[in-house]
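# Reading the structure
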Amino acid sequence: MSASAAPVLAASFVVVAIYWCTVYIYSMAKRAYKFRFYPTPEQEVLLARTFGCVRFVYNAVLRYRTDAFHERQERIGYAAASAKLTALKKDPDLAFLNEVSCVPLQQSLRHQQTAFKNFFEGRARYPRFKSKRYRQSAEFTRSAFKYRDGQLFLAKSKEPLAVRWSRALPCEPTTITVSRDSAGRYFVSCLCEFDPRVLPVTPKMTGIDLGLKDLFVTSDGLRIGNPRHTAKYAAKLAKAQRRLSRKKLGSRNRAKARQKVARIHAKLSDCRMDNLHKLSRKIVNENQVICVESLKVKNMLRNRSLAKSISDAGWGEFVRQLEYKADWAGRQVVAIDPWYPSSKLCSGCGFVMEAMPLTIRHWTCPDCATEHDRDINAAINIKAAGLAVLALGESVSGMESVSVSSSR
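Along each chain, residue indices are assigned from 1 in the same order as the chain's sequence is written. Note on the predicted model: pLDDT of at least 70 is required for a residue's local features to be given, and 80 or more for side-chain atom pairs to be given and counted; whole-chain, interface and lining totals, by contrast, use all residues. Working from all heavy atoms in the structure, the side-chain values ignore hydrogens and water.

With that out of the way, let us pick up helix 3 (residues 78-90). An ideal rise of 1.5 Å per residue puts 18 Å on 13 residues; helix 3 measures up with 19 Å between its terminal C-alpha atoms. Accessible area is worked out with a 1.4 Å probe on protein chains only. A residue is then buried under 20% of its type maximum, exposed over 50%, and partly exposed in between. Comment: elements are numbered from the N terminus, with helices defined as DSSP H or I runs of at least four residues and strands as E runs of at least two. By the burial criterion, the buried members of helix 3 are Ala 81, Ser 82, Leu 85 and Leu 88. Angular distribution of buried residues about the axis of helix 3 spans 110 degrees; they occupy a single face of the element. Every exposed residue of helix 3 that faces more than 90 degrees away from the buried side is listed here: Ala 79 and Lys 90. Contact definition: two residues touch when any of their heavy atoms are within 4.5 Å. Contacts from the buried residues of helix 3 go to helix 2 (41-72) and helix 4 (102-120). Expected helix span is taken as 1.5 Å per residue step, with the number of steps being one fewer than the number of residues. Each C-beta atom gives one direction from the helix axis, and the arc is the one those directions make.

Given below as structure tokens:
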């Protein structure tokens, strides 16, 4: 057996083992199903009050916890925050808090506690105050809604929500989240338990090199062009923003102009998400193992000349979709080290170039004289490194990657 075939064969055994373990170990997963709905005027008023009360409680308790720490060096936990909510609801000046369901108010404190936990563990920034200008949401548990005969009823509302059901729910939702985006659209997200459908095992494996000219290139030579949604709507968005800048502050015309700008941004986001969902589903359906780079997108956005293009490409969202869809389908996503020199490494002999500017799209290896397409060569190297990590459990990073690829 050749040295280059050993990692691939070992990876194949690992993939088969993972597949059968996924098939025989029964576990219910949770998935959110998002639908758009059109509220009645009465429901709009109720939802506006609910969103306002959720935002008020979140901000009031956040201010209380922040002041307690700065003034008395006291950390307020969830129990004390919940007691503060009870005190707020007993205040005669805040009687409006009792006009909406108490469940979304309590859930907002749970979300705030999670935000503080992420902050103290170094995964996120300090929790910020909520604004009424952006997306508004409220979460309801089973005690605050009813799902009956395909109809969804919220607490304090007698009429069901006019939901546009695009698919049937697998079971009764455990929680629902009602939201309104900046464009004024209403959505409901139903969290349900479902049995993931494990796809049949396939021997096909691929490596993916993300880029800007092409959204990504696979090790098989497949190129997916970058649709560049922001550039497509740039002129229309600039015109709407100019009209918004000329409107008087606080006027109704300014509010209408702001809605037009928000609708264009919503269109951009919807187009981007639709394209990423289709591409990620195609990759997961066709490949058993998917090898990608662990890109530090947040750090890459510091490059002002490329930040807009990187944000428009949606690399982080694409990899996130690959990960959870692969997990549901019994596939494997392998992330390699971000410092792995995939573009500078010759996939034929393992020679590493000293420098490889972005302007160079094709190059010839000085050691073996092999001509390379920069993106396809990088995808091939990413696949080789990913299979080595999957089969041998090695940490492929920096110059250590030379030894892994040179054994090909």
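More follows now that the structure is in view.
It is worth spelling out the pattern of salt bridges at this point. A side-chain nitrogen of Lys or Arg and a carboxyl oxygen of Asp or Glu constitute a salt bridge if their distance falls within 4 Å. Counted by the stated rule, this structure contains 14 salt bridges. Residues Arg 361 and Asp 375 are paired through a salt bridge, measuring 3.0 Å at the closest nitrogen-oxygen approach. Here Arg 361, found in the loop between strand 11 (332-336) and strand 12 (362-364), pairs with Asp 375, found in helix 11 (residues 374-392); they are 14 residues apart in sequence, far enough to count as distant. When salt bridges that share partners are traced, they join Asp 214, Arg 223, Arg 361, Asp 373 and Asp 375 into one network.

Pairing between two strands requires that DSSP report at least two bridges joining them. Of the strand pairs in this sheet, strand 1 (residues 29-37) and strand 6 (residues 186-194) are connected by 9 bridges, and their pairing is antiparallel. What sits directly across from Arg 36, in strand 6, is Phe 187. Looking at chain direction, strand 5 (residues 175-180) and strand 6 are connected through 6 bridges and run antiparallel. Each residue of the ladder has a partner; that of Arg 180, found in strand 6, is Tyr 186. The hairpin turn running from strand 5 into strand 6, its antiparallel successor, is 5 residues long, and Gly 184 in that turn takes a positive phi close to 85 degrees.

On to the packing of aromatic side chains, then. Under the pairing criterion, centres of Phe, Tyr and Trp rings, with the six-membered ring standing for Trp, must be within 6.5 Å; the plane angle then separates stacked pairs below 30 degrees from edge-to-face pairs above 60, leaving the rest tilted. Tallied over the entire structure, the rule returns 11 aromatic pairs. Ring geometry for Phe 116 versus Tyr 126: centroids 5.4 Å apart, planes at 90 degrees, classification edge-to-face. In this pair, Phe 116 is assigned in helix 4 and Tyr 126 in the loop between helix 4 and strand 2 (136-141), connecting sequence segments 10 residues apart. Between Tyr 324 and Trp 328 the ring centres are 5.0 Å apart and the planes differ by 65 degrees, which places this aromatic pair in the edge-to-face class. Of the two residues, Tyr 324 and Trp 328 both sit in helix 10 (residues 315-329), 4 residues apart, roughly one turn of that helix. Residue Trp 328 is classed as buried on the basis of its relative accessible area, which comes to 18%.

Now for the sheet that holds strand 1. The strands that make up a sheet pair up through hydrogen bonds in the backbone, lying either parallel or antiparallel. Ordered in space as 1-6-5-2, the 4 strands form an open sheet in which the pairing is antiparallel. Each edge of the open sheet carries a strand with a single partner, namely strand 1 and strand 2. With direction set aside, neighbouring strand axes in the sheet form an average angle of 20 degrees. Think of each axis as a best-fit line through the C-alpha atoms, taken over the contacting stretch in the case of a helix, with angles from 0 to 180 degrees between the N-to-C directions.

What follows deals with the nonpolar core. Judged by nonpolar contacts, the single largest core of 36 residues is most densely connected at Phe 37, Phe 140, Leu 154, Ile 176, Val 178 and Val 188. Counting residues per element, the ones that place at least two in this core are strand 1, helix 2, helix 3, helix 4, strand 2, strand 4 (151-154), strand 5 and strand 6. It is helix 2 that contributes the most residues to this core, 6 residues altogether. Dropping the residues within four chain positions of it, Leu 154 is found in contact with Leu 47, Phe 140, Ala 144, Phe 145, Leu 161, Ile 176 and Val 178. By convention a nonpolar core is built from buried Ala, Val, Leu, Ile, Met, Phe, Trp, Tyr and Cys residues, the set being connected through side-chain atoms within 4.5 Å. Ranked by size, the runner-up nonpolar core spans 21 residues in total, among them Leu 279, Ile 283, Val 284 and Val 319.

This brings us to the confidence of the model for the protein. Per-residue confidence for the protein gives a mean pLDDT of 87; residues scoring 70 or more make up 89%. One confidence number per residue, pLDDT, is output by the predictor and ranges from 0 to 100. For residues 16-26, every residue scores under 50 in pLDDT, and the model assigns this stretch 9 contacts once sequence neighbours within four places are set aside. The low-confidence segment residues 396-408 (pLDDT under 50) makes 27 contacts with residues lying over four places distant or belonging to another chain.

So, about the pairing of strand 4. Pairing analysis gives 4 bridges linking strand 3 (residues 145-148) to strand 4, with the strands arranged antiparallel. Its bridge partner being in strand 4, Phe 145 is matched across the sheet by Leu 154. Count of turn residues in the strand 3/strand 4 antiparallel hairpin: 2 residues, of which Asp 149 carries a positive phi of about 55 degrees.

For the rest of this paragraph, the subject is the sheet that holds strand 10 (residues 289-293). Spatially, 5 strands are ordered 9-8-7-10-11 in an open sheet, and the strand pairing comes out mixed. Each of the sheet's edge strands pairs with one partner strand only, and the pair in question is strand 9 (223-225) and strand 11. Shown here is a sheet whose adjacent strand axes are inclined to one another by a mean of 20 degrees, direction ignored. When strand 8 (residues 214-218) meets strand 9, the two strands line up antiparallel, connected through 3 bridges. Residue Phe 216 lies in a different strand from strand 9, and its bridge partner there is Ile 224. Sheet strands touched by helix 7 (residues 252-286): strand 7 (205-210), strand 8, strand 9 and strand 10. Its angle to strand 8, the strand with the most contacts, is close to 0 degrees.

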